[in-house]
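# Geometric and topological summary
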Amino acid sequence: MERRTPWIKRKGMDLTTFHFCYFLIVLITGSSHGLEIISGGPSTVEKASGESVKLDCQFTLAPEDSGSLDIEWSLQPSDNQDEEKVVILYSGDRAYENYYAPLKDRVHFNSMDPKNGDASINLLALKSADTGTYQCKVKKVPGIRSRKVVLRVMVAPSKPRCYSEGATQVGKDVVLRCDSTEGTNPITYTWERVTGNKLLPATAVLDPVSGRINIRNASEGSSGTYRCVAKNRVGMQDCVYELSVIPPPNTAGIVAAAVICVLLALIIIAIILFCCCRARHRKKYEKEISYEIREDVPPPKSRVSTARSFTSVGSQRSSLGSMSPSNLHEYTKPQYDKIPSDEFERPPSHAPLPPPGKPVGPNLSRMGAIPVMIPAQNRDGSIV
């Protein structure tokens, strides 16, 4: 849509020159040609964000007023050095509603035909950025009238968060906080108790600006459900907090339990270390014993059974009476130093052979030996 400049700019004069000419005509003629703005609405309007608002601007025309009708709504700058911004325009029997980008599709004339005396506009889906001073200008040559309306778009408080600070123990100062992150100031906070007698503790101190309540020297009777309400001119929100004041913990018992736990841990560690050291020592000892067994020479086998067999055989086959005990001892004495090394490797089932060169029982008589009867003995040494 093609934008059209205001009527004054199209005629090639600025606003100061036009006002000077207008006042000069009024002074000369003594009349304003009947153009008047008759709106009686409030000059300041407060609305919540998201709502809609109507900015009122009603006017009347006199029969002697001539020329085309121009209606212009502009947003006045907060700084005098900035230029005003045209929001919506009606000129040449045509409305230009999308003149200001931030209000595109959100600003409309209240009347389908503003030239009938209604220059009011409607702002939809308000935002906090829409806050400002809006000016309505109605111009019909040679008259001009204007009206200003201050719009304040306020944001309702967001849902606050209720919480406590510090320990909630008997004898301590318990602090409850209520905080709303969004909302147009001023926001006021109020606390109330919704359980029991519904009265705040006698020692409670409330700060309505910060939303803080301090319960000094709290007791178990201070426990209960508390409700905080955050409120400003356009809305309110609340939150609930369940306060539980508990007795202080038994410090001595906690310290004793901690000491016992530490001691038990040390004892367990000592037992584990002792078992590990003992197992390691036992393993080392068994390893050393195995090495000693492998290095030592195995002991010789016993000859007692062999000597006895020789003696029994000799007693049955011949008489050994002529032999002296000293000669018999030579035959019965184990010859450990004459046993060959391969005898230890012989399986135990094979009986050892007598050493070569030694006379056996049957050959004693041939050699001229006198048989001698040797009394038998039992295991305990008695003669049979």
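First, a word on scope: everything that follows refers to the structure included in this document. (Residues numbered from 1 in each chain as written. Predicted model: local features only at pLDDT ≥ 70, side-chain atom pairs only at ≥ 80, totals over all residues. Heavy atoms only, no water.)

## So, the overall build of the chain
We apply this condition: Secondary structure counts use DSSP, requiring at least four H or I residues in a row for a helix and at least two E residues in a row for a strand, with both numbered from the N terminus. Throughout, a contact is declared for two residues whenever any of their heavy atoms are within 4.5 Å. What sets the accessible areas is the Shrake-Rupley method with a 1.4 Å probe; for residues, cover comes only from the shown protein chains.
The helix and strand tally for the chain stands at 6 helices and 18 strands. For the chain, contacts bridging at least 24 residues in sequence account for 61% of all contacts bridging at least 6. Total accessible area computed for the chain in this model is approximately 24,900 Å², and 57% of it derives from carbon and sulfur atoms.

## Side note on the sheet that holds strand 5 (residues 69–76)
Quick reminder of the rule: Criterion used throughout: strands pair if DSSP finds at least two bridges between them.
Pairing is mixed in the open sheet, where 6 strands are placed in the order 2-11-10-5-6-7. Lying at the two open borders of the sheet, with one neighbouring strand each, are strand 2 (44–48) and strand 7 (95–96). In this sheet, strand 11 (residues 143–154) lies alongside strand 10 (residues 132–140) in antiparallel orientation, the contact comprising 9 bridges. Its bridge partner lying in strand 11, Gly 132 is registered against Leu 151.

## Some remarks on the environment of Pro 248
Checked against the element boundaries, Pro 248 lands in the loop between strand 18 (235–243) and helix 3 (251–295). C-alpha of Pro 248 to C-alpha of Ala 167: the two residues are 81 residues apart in sequence and 9.4 Å apart in space. If near-sequence neighbours (up to four positions away) are discounted, Pro 248 is found in contact with Gln 169 and Val 170.

## Structural notes on the packing of aromatic side chains
What counts here: Stacked, tilted and edge-to-face pairs are distinguished by plane angle, under 30 degrees for stacked and over 60 for edge-to-face with tilted covering the rest, among Phe, Tyr and Trp rings (Trp via its six-membered ring) whose centres lie within 6.5 Å. In this scheme, a residue with accessible area under 20% of its type's maximum is buried, one over 50% is exposed, and one in between is partly exposed, where area comes from a 1.4 Å probe on protein chains only. For a ring to carry a charge above it, either NZ of a lysine or CZ of an arginine must fall within 6 Å of the ring centroid while also lying within 35 degrees of the normal to the ring plane.
Evaluated as defined, the whole model comprises 1 aromatic pair. Here the aromatic rings of Tyr 90 and Phe 109 are separated by 6.2 Å at their centres, their planes lie at 80°, and the arrangement is edge-to-face. Taken together, the residues span a long stretch of sequence, with Tyr 90 in strand 6 (residues 85–91) and Phe 109 in strand 8 (residues 107–109) at a distance of 19 residues. Comparing Tyr 90 with Phe 109, the two get one shared label, buried. Over the aromatic face of Tyr 163 sits the side chain of Arg 161, whose NZ or CZ is 4.0 Å from the ring centroid.

## Structural notes on the state of the cysteines
The line we're drawing: Cysteine sulfurs are considered disulfide-paired once they come within 2.5 Å of each other.
Within the structure shown, the criterion is met by 3 disulfides. Note on cysteine connectivity: Cys 57 is disulfide-linked to Cys 136, with sulfurs 2.1 Å apart. In this structure the cystine formed by Cys 57 and Cys 136 twists about its S-S bond by roughly -75°; its chirality is therefore left-handed. Of this pair, Cys 57 sits in the loop between strand 3 (53–55) and strand 4 (59–60) while Cys 136 sits in strand 10, and the two are 79 residues apart along the sequence. By the burial criterion, Cys 57 is buried, and Cys 136 matches it. At a sulfur-sulfur separation of 1.7 Å, the disulfide partner of Cys 162 is Cys 239. Across the disulfide from Cys 162 to Cys 239, rotation about the S-S bond amounts to roughly 65°, and the bridge is consequently right-handed. Of this pair, Cys 162 sits in strand 12 (residues 161–165) while Cys 239 is found in strand 18, placing the two residues 77 residues apart along the sequence. For the pair Cys 162 and Cys 239, one class covers both residues: buried. By sequence order of its bonded cysteines, the chain has the disulfide arrangement 1-2, 3-6, 4-5. Cys 275 takes part in no disulfide bond, and the closest cysteine sulfur to it belongs to Cys 276, at a distance of 6.9 Å.

## Remarks on the pattern of salt bridges
The criterion, for reference: When a carboxyl oxygen of Asp or Glu is within 4 Å of a side-chain nitrogen of Lys or Arg, the pair counts as a salt bridge.
The final tally for this structure, using the stated rule, is 11 salt bridges. For Arg 177, the salt bridge is made with Glu 165, and the minimal N-O distance between the two is 3.1 Å. With Arg 177 in strand 13 (residues 174–179) and Glu 165 in strand 12, this residue pair connects regions lying 12 residues apart in the sequence. Take Glu 165: its relative accessible area is 30%, and that puts it in the partly exposed class. Residues participating in the shared-partner salt-bridge network are Glu 72, Glu 84, Lys 137 and Lys 139.

## Details of the nonpolar core
To keep things clear, this is the line we draw: Working definition of a nonpolar core: buried Ala, Val, Leu, Ile, Met, Phe, Trp, Tyr and Cys residues. They are joined through side-chain atoms within 4.5 Å.
Counting 28 residues, the largest nonpolar core has Trp 73, Leu 123, Tyr 134 and Val 138 as the members making the most contacts within it. Among the elements that make up this core, the one with the highest residue count is strand 5 (4 residues). Excluding residues that lie within four positions of it along the chain, Leu 123 makes contacts with Glu 51, Ser 52, Val 53, Leu 55, Leu 103, Arg 106, Val 107, Tyr 134 and Leu 151.

## Some words on a nonpolar patch on the surface
Our working definition: Patches here are clusters of residues that have more than 30% relative accessible area and form no salt bridge, with a 9 Å joining cutoff for like charges and a 5 Å cutoff for nonpolar side chains (Val, Leu, Ile, Met, Phe, Trp, Tyr).
Taken together, the side chains of Val 255, Val 259, Val 262, Leu 263, Leu 266, Ile 269 and Leu 273 present a nonpolar region at the surface, about 630 Å² in accessible area. Positionally, Val 262 belongs in helix 3.

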